[in-house]
Amino acid sequence: MYVRRSAAVLAAVTVFGTVTPAFATDSTPSASPSVTLPSGLYGTGDPTYDGVWRQSLALLAQDTVDVKPAAKAVDWLTGQQCADGAFAPFRADVSKACGPKTPVDTNNTAAAVQALAALGGHGTATGKAVDWLKSVQNKDGGWGYMPGGASDANSTSVVIGALAAVGEKPADVREGGKSPYDALLALSLPCGDDDAGAFAFQPDKKGAPAANADATAAGVVGLLGKGLVAAAGKEAADTGKCLGGKNPTPADAALNGAVHLARDLSGTRYLKSVMPGAEDQPDYGNTADAVVALSAAGLTQRGREVLVWLERHHAAWAEQSGPAAYAQLIFAAHASGTDPRDFGGTDLVEQLNATGPAPRSGANGASGTASAAPSEEEKEKEDDGSPFGVWWYVGIFLVVGIGIGFLLSGRNKGK
């Protein structure tokens, strides 16, 4: 959800007026990783701004398909946690305690909670992380990427997923009398609006909030009380009517958002990139997130129609973008009831496993596929990425942080 390269920063500055948490990868060439890659880490790109995020998604995706991750992969993630429970994107030297300048954030923390809760046996770590998340909740009930930052739909949604993962009721987690659902409802464009049903990323103090497709997908999943992994909801009818008027319930707002997404996707079957100059280029990560949202809201068939497009066109993007991209596709397949081991003829699980340490076992009890050492060409591919993958979100929020007192990020997304 967050800068790997200076070009990403420049892109973020260009669009800062309408910051989107779209997961995307900058396509500009960059040097090889500036840090030594830990053996337990997934992916070969520089982990400085996305290590915990991509690791969390990789482990969560493996658990979703009944693959038991390598112990050192799990240990690497737990070792990144600060004493107060929070996670930063990457700590190269975990022997040094976190301090005031450690860039801890809600998105990486919430993603780690979801992964570790799914794996089980990490109650102390997830408990401390959730306590920290509660301690930085905003008075409107939501969360920004960095503590103290303005609430946004993506950060609030990923935290809701963390709360649900540990058995908390998000509606009962309140600050200033407001719950996370109140924060998301405030970002839902009401019936009668031109973009009725869509969600804004953040409130717009200068005028009407702008509809944002990735924020809409996040808002839908969040208001349904679900996380990054979501099963298909009860089949819902797209009646074409906006539900709830100007004061919808969380369920109404979630369905309104899903209907809006379905209409956005009805022509191309993909969401378009919001990066400058990318007038009609797909944003694969956001499209995968939209499949999860559609399926979770009960528009599963609409989600499957979009998934068919992803099956046909995902390969180059996923290969370049790395483990988080494979994880997003696995989440989309899972939500829509599609086999991620036969995703348009591709085994997403095998490809994800190959980006890191070999898992201990697969669904059938067999040992996981060992990952070969990446070639220099493969390292360059992943670090370069495509313009529509996971990590442009990093750049956007780093710039936000520089501008308003270090608010980094998405969830963030990136992607």
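For the structure given in this document, a descriptive report is provided here. (Residues numbered from 1 in each chain as written. Predicted model: local features only at pLDDT ≥ 70, side-chain atom pairs only at ≥ 80, totals over all residues. Heavy atoms only, no water.)

1. Here's the deal with the side chain of Q81
Counted only if it meets this: Runs of H or I in DSSP of at least four residues are treated as helices and runs of E of at least two as strands, each being numbered from the N terminus. Polar contact is the term for a pair of N or O atoms within 3.5 Å; when the atoms are in protein, one must be able to donate a hydrogen and the other to accept it, and sequence-neighboring residues count only if both atoms are side-chain atoms.
Positionally, Q81 belongs in the loop between helix 3 (71-79) and helix 4 (106-119). At a separation of 2.9 Å, a polar atom in the side chain of Q81 contacts the main-chain carbonyl oxygen of A125.

2. Here we look at the pattern of salt bridges
Quick note on the threshold: One side-chain nitrogen of Lys or Arg within 4 Å of one carboxyl oxygen of Asp or Glu is enough to make a salt bridge. Partly exposed residues are those whose accessible area sits between 20% and 50% of the maximum for their type, while under 20% is buried and over 50% is exposed, using a 1.4 Å probe and protein chains only.
A complete count under the given rule lists 5 salt bridges for this structure. The salt bridge involving K134 is made with E168; its shortest N-O contact spans 2.7 Å. Remark: E168 occurs in the loop between helix 6 (153-165) and helix 7 (180-186) and K134 occurs in helix 5 (residues 123-135); sequence separation between them is 34 residues. Overall, K134 belongs to the partly exposed group, its relative accessible area being 29%. With its nearest N and O atoms 3.9 Å apart, the salt bridge here joins E305 to R302. Of this pair, E305 and R302 both sit in helix 11 (residues 300-313), 3 residues apart, which is roughly one turn of the helix. Take R302: its relative accessible area is 25%, and that puts it in the partly exposed class. Each of R269, R302 and E305 takes part in salt bridges that share partners, so that together they form one network.

3. Notes on the environment of F199
Mapped onto the elements of the fold, F199 is located in the loop between helix 7 and helix 8 (213-223). Distance in space between the C-alpha atoms of F199 and S188 is 4.4 Å, their sequence separation being 11 residues.

4. Some points on the packing of aromatic side chains
For the record, the criterion: Ring geometry is summarised as follows: Phe, Tyr and Trp rings, the Trp one being its six-membered ring, pair when their centres sit within 6.5 Å, and such pairs are stacked at plane angles under 30 degrees, edge-to-face over 60 and tilted between the two.
Scanning the model with the defined rule gives 4 aromatic pairs in all. Ring plane angle 20 degrees and centroid distance 6.2 Å describe the contact between W76 and F90, whose orientation is recorded as stacked. Note that W76 is positioned in helix 3 and F90 in the loop between helix 3 and helix 4, a separation of 14 residues in sequence. Like F90, W76 is buried. Taking the centre distance of 5.6 Å and the plane angle of 15 degrees together, the rings of Y284 and W317 count as stacked. Taken together, the positions of Y284 in helix 10 (residues 284-296) and W317 in helix 12 (residues 315-321) put the pair 33 residues apart, joining distant regions of the chain. Considered together, Y284 and W317 belong to a single accessibility category, that of buried residues.

5. Quick look at the state of the cysteines
Note the threshold: Any two cysteine sulfur atoms lying within 2.5 Å of each other are counted as a disulfide.
Evaluated as defined, the whole model comprises 2 disulfides. A disulfide bridge connects C82 with C98, and the sulfur atoms are separated by 1.9 Å. The disulfide joining C82 to C98 has a torsion of about -80 degrees about its S-S bond and is therefore left-handed. With C82 in the loop between helix 3 and helix 4 and C98 in the loop between helix 3 and helix 4, this residue pair connects regions lying 16 residues apart in the sequence. You can call C82 buried: its relative accessible area is 3%. C98 sits in the partly exposed class, given a relative accessible area of 29%. Disulfide pairing places C191 opposite C242 at an S-S distance of 2.0 Å. Measuring handedness by torsion sign, the sulfur bridge of C191 and C242 sits at about -90 degrees and is left-handed.

By themselves, these are just geometric observations and shouldn't be taken as functional.
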